[in-house]
Amino acid sequence: MALQVLDPTNETAPPLGQTAPRLASLAGKTVGFISNGKEGTKGFFAHLDRMLREEFGVADVVMRVKSNYSAPADRDIMDEIARWHAVVTGIGD
Amino acid sequence: MQLASKTYDVTDIHAVQELYHSNGWTDGLPIVPPTHDAVQACLEWAMMAPDQLLGIEPVRGVAITAEKLAINAVMAGCLPMHFPAVVTAFSAMLQPEFLLHGATASTGGCAVFVVLNGPVRRELGAAGTFNALGNSDRATAVIGRAIRLALINILEVRPGGIDRSTIGHPGKYSYCVAEDEEDTGWLPLHARRGLPPEVSAVTVMAAGAPRQIMNEWTTQPEEILETFAAEMRANMRHYSIWAGNYALIIPRQLREHLQAAGWSKTDVAAFIHRRARIRRGEWAEVGKAAVVRDRGDTEYAALESPDQLLVVAAGGPAGGFGAVIPPWLGHKSRAVTLPIGACVDCEPPWR
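Residues numbered from 1 in each chain as written. Chains lettered and ligands numbered in written order. Predicted model: local features only at pLDDT ≥ 70, side-chain atom pairs only at ≥ 80, totals over all residues.

Enquirer: Would you mind showing me how to read the pairing of strand β6 (residues 201-207) of chain B here?
Expert: Successive residues of a regular strand alternate their side chains across the two faces of the sheet. All names here are of chain B. With 7 of 7 residues buried, β6 is to be regarded as a mostly interior element. Burial along β6 is two-sided: A201, T203, M205 and A207 facing one way and V202, V204 and A206 facing the other are all buried. Examined bridge by bridge, β6 and strand β13 (residues 336-339) share 4 bridges and lie antiparallel to one another. Within β13, the residue paired with V204 across the bridge is V336. (Buried ≥ 20, exposed ≤ 12 C-beta atoms within 10 Å, placed from the backbone. Helix = DSSP H or I, 4+ residues; strand = E, 2+ residues; numbered from the N terminus. Pairing = 2+ DSSP bridges.)

Enquirer: Looking at this structure, I do not really get the sheet that holds strand β4 (residues 86-89) of chain A. What am I missing?
Expert: Strand pairing in a sheet is mediated by backbone hydrogen bonds. Such pairs are either parallel or antiparallel. All names here are of chain A. Strands sit in the order β3-β2-β4 across an open sheet of 3 strands; the sheet is parallel. The open sheet has two edge strands with one neighbour each: β3 (60-65) and β4. Going across the sheet, the axis of each strand differs from the next one's by a mean of 20°, ignoring polarity. Bridge analysis of strand β2 (residues 30-35) against β3 gives 6 bridges, and the strand direction is parallel. Bridging from a neighbouring strand, T30 pairs with D60 of β3. (Axes fitted to C-alpha atoms, helices over the stretch in contact; angles between N-to-C directions.)

Enquirer: Help me understand the nonpolar core, please; the structure alone is not making it clear to me.
Expert: Side chains of a nonpolar character, in soluble globular proteins, are inclined to be buried together. Residue and element names in this part refer to chain B. V86, A89, V114, V204 and V312 are the most contacted members of the largest nonpolar core, which has 112 residues in total. Ranked by the residues each element gives to this core, the list is headed by helix α7 (residues 138-154), at 11 residues. When near neighbours in sequence (up to four residues on either side) are disregarded, V86 contacts L69, A73, C78, I143, A146 and I147. (Core = buried A, V, L, I, M, F, W, Y, C linked by C-beta atoms within 7 Å. Contact = placed C-beta atoms within 7 Å.)

Enquirer: What's the story with the interface of chain A and chain B in this structure? I'm lost.
Expert: Every contact between the two is made by 19 residues of chain A and, on the other side, 33 residues of chain B. Taken together, the residues of the side of chain A that touches chain B sort by class into 10 nonpolar, 5 polar and 4 charged. When strand β1 (residues 3-6) of chain A meets strand β1 (residues 7-10) of chain B, the two strands line up antiparallel, connected through 4 bridges. By the bridge assignment for β1 of chain B, Q4 of chain A is matched with D9 of chain B. (Nonpolar A, V, L, I, M, F, W, Y, C, P; charged D, E, K, R; others polar.)

Enquirer: In this structure, what is going on with the packing of helix α3 (residues 66-76) of chain B against helix α4 (residues 83-93) of chain B? I would like to understand it.
Expert: For any two helices packed against each other, the geometry comes down to the angle between their axes and how far apart the axes lie. Residue and element names in this part refer to chain B. Two numbers describe how α3 lies on α4: the axes approach to 10 Å, and their chain directions differ by 125°. As judged from the angle between their axes, α3 and α4 are oblique. Relative to α4, α3 is oriented so that their crossing is right-handed. Contacts between α3 and α4 involve L69, A70 and A73 from the first element and F83, V86, V87 and F90 from the second. Residue composition of the contact of α3 with α4, by class: 7 nonpolar, no polar and no charged. (Parallel < 35°, antiparallel > 145°, perpendicular 65-115°, else oblique. Left-handed = near helix turned anticlockwise from the far one by under 90°.)

Enquirer: Would you take a moment to explain the sheet that holds strand β4 (residues 111-117) of chain B for this structure?
Expert: Residues and elements named next belong to chain B. Ordered by their spatial adjacency, 4 strands build an open sheet running β5-β4-β6-β13, and the pairing between neighbours is mixed. Looking at the sheet topology across the chains shown, the edges are occupied by β5 (176-178) and β13. Averaged over neighbouring strand pairs, the angle between their axes works out to 20° when direction is ignored. Looking at chain direction, β4 and β5 are connected through 3 bridges and run parallel. Bridging from a neighbouring strand, V114 pairs with C176 of β5. Sitting on the sheet, α4 touches β4, β6 and β13, and the angle it makes with β6 is about 50°.

Enquirer: Help me understand the confidence of the model for chain A in this model?
Expert: Residues shown with low pLDDT carry predicted positions that ought not to be read at fine detail. Model confidence for chain A is summarised by a mean pLDDT of 90, while 99% of its residues fall at 70 or above. Across chain A, the element-wise mean pLDDT spans from 92 in β4 of chain A up to 98 in β1 of chain A. (pLDDT = per-residue confidence, 0-100.)

Enquirer: Hey, could you run me through the pairing of strand β3 (residues 62-65) of chain B in this one?
Expert: Residue and element names in this part refer to chain B. Of the strand pairs in this sheet, strand β2 (residues 53-57) and β3 are connected by 4 bridges, and their pairing is antiparallel. The partner of I56 across the bridge, within β3, is A63. Here β2 folds back onto β3, and the loop between the two strands holds 4 residues, one of which, G61, carries a positive phi near 70°.

As structure tokens, then:
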């Protein structure tokens, strides 16, 4: 028997933000880290901090830690992002 | 009734299954074809327009409409009469304190534990006795499954997609129980959480798998509850030390001993609050010495306060088996209770 059935998915894409243009170089730039605060992030971000400064000439690395690792970044961190040239997040468990 | 969803013409029931499975729209089990008529019947039963908004998932900004929820409810096997409970459960999950995105995306792999209370249980034939946490009845099976299918399809909570669970647990297929309000003199869960006992209600909790306990060798309340508290301490040692909502499933045999001694749910919660505690140093006994640090003597309680404990009367009439249902992760997500089809503490419209 022929049937007509309905699509169960959301169909419309969620309103994602736009990706920022890629930087030509990291030299002299400020890079922010948004850590979820989990144990595994510490070594990773410490190593990345050294790499960015020593190998890529990054001028400054700013480390921020979310107050709840399962929730979006806090408002004050989101406000601070505008002062950074690049952000690294979503890393570590 | 005009529905907005895209339609697919398929030749037969087998083609329906292949269409939905191949698109990743199922939990791996066969689904009921969500036809226009079946979805419309759900919406009409709940008196909801198709585009009625239940809420917007705040992290990804996804709108949850009644139509999409009804489609997934039909797929799960819901009849129209089951749909209001699904709507209420999903509305509860959209409350900020539930932290829906975190709870459904986490590597921790929790499921949404749903407790039904009030007259709706009997209207739906939702049973809280034999096999209460298993395949006890149609209503709890399909309501719990509808929650999972809606997460998969509306919020893309698919394994490896938004769902990053490392192992998950079987409750992710369906994790719904009806409280056995008839076989207890205890106040039902929703009434303890502030709703009038005569309304129907749904409580949702981001929860790990049930941890079964057994104690058939005492009638003393303190001894019975010590077994539950010990299982909570085990969870704190082996899984997570952080305080949050725990649920206790207490079967009739054990309830009768507790009630004969005059213990109410309040007494149970007070006892558990006192006893379900460990020192951080105990982590060293279970292979987690690395994170004890200098806080070995610090005491951690499983509950921040007694009212964080969800005491649920459920289970078959015989057997001293109960369960501890632990929180996904401390109080990052909090249990939410909402009435079904009723407005409690609302301002009257004429005011």
